[in-house]
Amino acid sequence: WNARRYPDVQLSFELSSGPEVMAGEQVAVVVALEREQDGTEQPATHAPRFPGRKDEGWWLVVGDPKANSLLAIKRVNLGKAAKTKLDFAVPTSPGKHTLTLYFMCDSWMGCDQEYEIELKVTEAMDAE
């Protein structure tokens, strides 16, 4: 019964600016989500101790694990498919940076996903 309700979500993403960016620049990661599901109605989560209907809550997070910092967070309403954008500031130090895109659910264990975002950060140009 619950195995049919367990979410199977495919995620793809791309950086709006590509992998090469300037230090401190604002960039966006565009995320596309697609869920394999029967019908159009989102099923309620199996939560017998919750006092009412419990719907799934989905979160997209961009973080820098080395710096232990959170760069962007967004709650996503996910039906069969969704597309959203997270804006964040690129790290200020030049060089190669590996950020992490997390896709998390507050209702199901074991369906969280992690993706690496590789950035090549160049020095910011001085505005004259």
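Up top you'll find the structure we're talking about.
The rules behind these values
Counting restarts for each chain: residues are numbered from 1 in the order of the written sequence. Only residues with pLDDT of at least 70 are given local features in this predicted model, and only at 80 or more are side-chain atom pairs given and counted; all residues enter the totals for whole chains, interfaces and linings. Here the side-chain values reflect all heavy atoms present in the structure, with hydrogen atoms and water set aside. Each pair of strands is called paired provided DSSP finds at least two bridges between the two strands. By the criteria applied, helices consist of DSSP H or I runs no shorter than four residues and strands consist of E runs no shorter than two, each listed in order from the N terminus. For helices, the axis comes from a line fit to the C-alpha atoms of the stretch in contact; other axes are also lines fit to C-alpha atoms, and the angle between any two N-to-C directions lies between 0 and 180 degrees. Any Lys or Arg side-chain nitrogen located within 4 Å of an Asp or Glu carboxyl oxygen qualifies as a salt bridge. Exposure categories follow from relative accessible area, calculated using a 1.4 Å probe and restricted to protein chains: below 20% of the type maximum is buried, above 50% is exposed, and the middle band is partly exposed. The pairing test for Phe, Tyr and Trp rings, Trp by its six-membered ring, is centres within 6.5 Å, and the orientation test on the planes gives stacked under 30 degrees, edge-to-face over 60, and tilted for anything in between. The contact criterion used is simple: two residues touch if any of their non-hydrogen atoms lie within 4.5 Å.

**Regarding the pairing of strand β7 (residues 95-105)**
- Bridge count between strand β4 (residues 58-64) and β7: six bridges; the pairing is antiparallel. Within the sheet, the bridge partner assigned to L60 lies in β7 and is F103.

**Points about the sheet that holds strand β5 (residues 69-76)**
- An order of β2-β8-β7-β4-β5 is seen for the five strands of this open sheet, with the pairing classed as mixed. With one partner strand each, in any of the chains shown, β2 (20-22) and β5 form the two edges of the open sheet. The average undirected angle you get between the axes of adjacent strands in this sheet is 30 degrees.

**Some remarks on the pattern of salt bridges**
- On inspection of all chains with the given rule, the structure shows two salt bridges.
- Residue E56 pairs with R35 through a salt bridge whose shortest N-O separation is 2.6 Å. Remark: R35 occurs in strand β3 (residues 26-36) and E56 occurs in the loop between β3 and β4; sequence separation between them is 21 residues. The pair formed by E56 and R35 is uniform in burial state, with each residue classed as buried.
- Of the charged contacts in the structure, one is a salt bridge between E118 and K96, with a shortest N-O distance of 3.7 Å. You can see E118 sitting in strand β8 (residues 113-122) and its partner K96 sitting in strand β7, a full 22 residues away along the chain.

**Here's the deal with the packing of aromatic side chains**
- One pass over the structure, following the stated rule, counts two aromatic pairs.
- Plain terms: the ring middles of W58 and F103 are 4.7 Å apart, the flat faces sit at 10 degrees to each other, and that makes the pair stacked. Pair noted here: W58 is in strand β4 and F103 is in strand β7, with a separation of 45 residues, a long-range link.

**Focus: the environment of P65**
- By secondary structure assignment, the location of P65 is in the loop between β4 and β5.
- If sequence neighbours within four positions are ignored, P65 has contacts with T98, T100 and Y102.

**Some points on the pairing of β8**
- Where β2 lies against β8, three bridges are found, and the strand directions are parallel. By the bridge assignment, V21 is partnered in β8 with V121.
- Two strands pair when backbone bridges link them, and β7 and β8 are joined in this way by nine bridges, in the antiparallel orientation. Bridging from a neighbouring strand, F103 pairs with Q113 of β8.

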